[in-house]
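In case you want the letters, here they are:
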Amino acid sequence: ETSVHTHMCYAEFTDCLDAIMALDADVNSIENARSGNETLEAFKNAGYRKDLGPGTYDIHSPVVPAVNDVQQKLQEFLSCMPPEQLVVNPDCGLKTRKWPETIDALRNMVHATQNVRSQLSLEPTP
């Protein structure tokens, strides 16, 4: 089965939510690491029903996020959306980062995701 993803950075999402909701995409990944939950609340209030991938950490920073920091971010996201709608990903692309920090950050993001799934008694996805 194919899943169609789109990604949007640094936009006033509330200005174009109708167009976003009309997209023929299964998942919309959005910049969110520096936005708080305002954007997620806007999607929730608009009745967005597709999967959403808010960025868990700012890839423009060389700081590798700790597992606990990403885990806290995921828990904040879950206050705005159901777990089955949440797709876990970093903000944007990773082209500005070097391999060691990218691998460490992604590893921490995966561990945080596993911790949250365990807390929610969710089965791991393949």
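Presented here is an overview of the structure given in this document. Note that this is a predicted model, so its numbers are computed, not measured.

**Quick look at the sheet that holds strand E1 (residues 5–8)**
In any sheet, the strands associate via hydrogen bonds between backbone groups, in a parallel or an antiparallel arrangement.
Link 1 in the chain: Strands sit in the order E1-E2-E3 across an open sheet of three strands; the sheet is parallel. On the outer flanks of this sheet lie E1 and strand E3 (51–54), each paired with one strand and no other. Between one strand and the next, the sheet's axes are offset by a mean angle of 20°, whatever the strand orientation.
Link 2 in the chain: Alignment of strand E2 (residues 27–30) against E3, held across four bridges, turns out to be parallel. When the sheet's bridge partners are listed, Val27 is paired in E3 with Asp51.
Link 3 in the chain: Contacting E2 and E3, helix H2 (residues 38–45) crosses the sheet at an angle of about 155° to E2.

**Examining the pairing of E1**
It is a general feature of regular strands that their side chains alternate between the two faces of the sheet.
Link 1 in the chain: Relative to E2, E1 runs parallel, the two sharing four bridges. Paired with Met8 across the bridge in E2 is Ile30.

Rules used throughout
- Residues numbered from 1 in each chain as written.
- Predicted model: local features only at pLDDT ≥ 70, side-chain atom pairs only at ≥ 80, totals over all residues.
- Heavy atoms only, no water.
- Pairing = 2+ DSSP bridges.
- Helix = DSSP H or I, 4+ residues; strand = E, 2+ residues; numbered from the N terminus.
- Axes fitted to C-alpha atoms, helices over the stretch in contact; angles between N-to-C directions.
- Contact = heavy atoms within 4.5 Å.

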